[in-house]
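Here are the chains, one letter per residue:
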Amino acid sequence: MEYVSTRDKSRKVSASYAIANGIAPDGGLYCPTSFPALTAEDWHALANLDYKGRSALVLGKFLTDFSGEELADYAAKAYADDKFGGADTAPVVALGGGKHMLELWHGPTCAFKDMALQMLPHLLTASLRKTGETRTACILVATSGDTGKAALDGFHDVEGTKIMVYYPVDGVSPMQKLQMVTQEGKNVEVVAIRGNFDDAQSAVKRIFTDETVREGLDKDGMMLSSANSINWGRLAPQIAYYISAYCDMVKNGAVKMGGKINICVPTGNFGNILAAYIAKQMGLPVNKLICASNRNNVLTDFFKKGGSYDKNRDFYTTTSPSMDILISSNLERLLFFASDYDDKLVAALMEQLAKGGSYQVAADVFAKIESDFDAGCCDDAAATQTIRELWENEHYLCDTHTAVAVRVYEDYRARTGDTTPAVIASTASPFKFCRSVIEALGGTLEKDDVSQLDVLTGLTGVPAPAPLAALAGKTPRFDRVVDKTDILSTVGLLRDL
Ligand SMILES: *Cc1c(COP(=O)(O)O)cnc(C)c1O
């Protein structure tokens, strides 16, 4: 399996090269040049495997320069039972109205990012070895909350790596902040940036594109690397859980083998839903992929307004902060696939996006996109109402991001009459966003600290996940706050790790 950049497909690289380098030199994202098909034999094998085995099988289709033994070993370590609260790594919970909640938050940081970021350190360190890289990989992460902690947890004390996380002071929940600033490990650093997520992301991009910084690090035996979902090693591990959910649903009789499902995903950077799209291209029987957004509904407009993408609009801080994004990076990969790998076209669109903040996709390309996707959005009030109704009517507790997906799915079902069983990606534990969930249930919160876990448990009887409860005993280690204009000054911190 070969990989090319979305903006220049003339140079083909291996999976390990793509993972080791993160982003292509032309600024494009690495993509496979074809989609491997799941055979009848594969489906038979998948049905009888546990999550670790399913993950290794699906990854093996894409990472052909890794052996089956390597991938099985990584999957066993990444999804170890003691990290995911048991062997059911990504359980599916059936609710009324055709909803099948795919719970992706049983990992160490209680959000779906763990599904990829527990795997990525294994893939990345092996990729560095396979490509002959001897420098220390310095992972820089801009986070809207969940990626930062998941990356810190995945990479802490991993040999040959250092990790520095930047989060927007105004953009993360108190629980997310506490999770990050209490991170243990010798090779970790956490910095707050004054501004929102897009500010943090642009600031980190400045470090990546600064030649002097790169040369300086190189002299000291270090190189920059990324754990954001632009890295193929982040995206590839996410494909398996949609396939796994289908196998579970077939086993439970929720769908017949070969029967179609819908998949609804609460979306920010477009990584998680793109993984579902790729699963469909491999043969997963999917009718519609439903893209759910919060009030930052740039993607809803893209799908509803004939492929017109326009980030020139107000940015809102919402109760689902991990979806507060106006530039959905992974949409670039969808454009590449839907245009039959037209690198010139993608490069031109991305240049328009960089210069003017908008672009329009040609009608023939958009027609292909439209056949696979539907989309919708909802505001904080609708998400709040959904959390309350889901609890009152079905006794199911969900977080603010998942609530957006549930609401958008229900709107879709009412609008279209499509009753195909739906997998809804549940992307975070409700305990990560306590304040909003407690308020949705009619409770009140006095203190924005770890005690809020007990308040939510008191209201619902649902126990808090162990990794969050453990935060109570931890002391903050990081309190640095910098202006985005001073970001380059933080690079020196890497040397001291
Ligand atoms: C990151 C995140 C999302 C958005 O996922 P993308 O892959 O960026 O679309 C949704 N919900 C939660 C809880 C997240 O952490």
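Scroll up to find the structure.
Residues numbered from 1 in each chain as written. Predicted model: local features only at pLDDT ≥ 70, side-chain atom pairs only at ≥ 80, totals over all residues. Heavy atoms only, no water.

Student: Talk me through the pattern of salt bridges; I want residue IDs and the actual numbers.
Tutor: A side chain with one charge can pair with a side chain of the opposite charge if their charged atoms come near. In total, this model carries 25 salt bridges according to the counting rule given. A salt bridge links Glu-351 to Lys-355, with the shortest nitrogen-to-oxygen separation between them at 2.7 Å. Taken together, the residues Glu-351 and Lys-355, both in helix H15 (residues 343-356) and four residues apart, mark about one turn of the helix. Residue Glu-351 is classed as partly exposed on the basis of its relative accessible area of 45%. Linked by salt bridges that have partners in common, Lys-99, Glu-394 and Glu-410 make up one network. (Salt bridge = Lys/Arg side-chain N within 4 Å of Asp/Glu carboxyl O. Helix = DSSP H or I, 4+ residues; strand = E, 2+ residues; numbered from the N terminus. Buried < 20%, exposed > 50% of the residue type's maximum accessible area, 1.4 Å probe, protein only.)

Student: Lay out the site of the ligand with the relevant residues and their values.
Tutor: Taken together, 15 residues surround the ligand, and among them Lys-113, Asp-146, Gly-268, Asn-269 and Thr-427 come closest. The contact in question runs from an oxygen atom of the ligand to an N or O atom on the side chain of Ser-322, over 3.4 Å. Each residue belonging to the shell around the ligand can be placed in one class, and the counts come to five nonpolar, eight polar and two charged. (Near = heavy atom within 4 Å. Polar contact = N/O pair within 3.5 Å; in protein donor to acceptor, adjacent residues only side chain to side chain. Nonpolar A, V, L, I, M, F, W, Y, C, P; charged D, E, K, R; others polar.)

Student: Give a detailed account of the packing of aromatic side chains, specifying residues and quantitative values.
Tutor: Enumeration according to the criterion identifies 22 aromatic pairs in this entry. Measuring from centroid to centroid gives 5.2 Å for Phe-302 and Phe-303, while their planes differ by 75 degrees, and the two rings are edge-to-face. A single burial state applies to Phe-302 and to Phe-303, both of which are buried. With 6.0 Å between their ring centres and 80 degrees between their planes, Phe-337 and Tyr-341 make a pair best called edge-to-face. Given a relative accessible area of 4%, Phe-337 falls into the buried group. (Phe/Tyr/Trp six-rings, centres within 6.5 Å; stacked < 30°, edge-to-face > 60°.)

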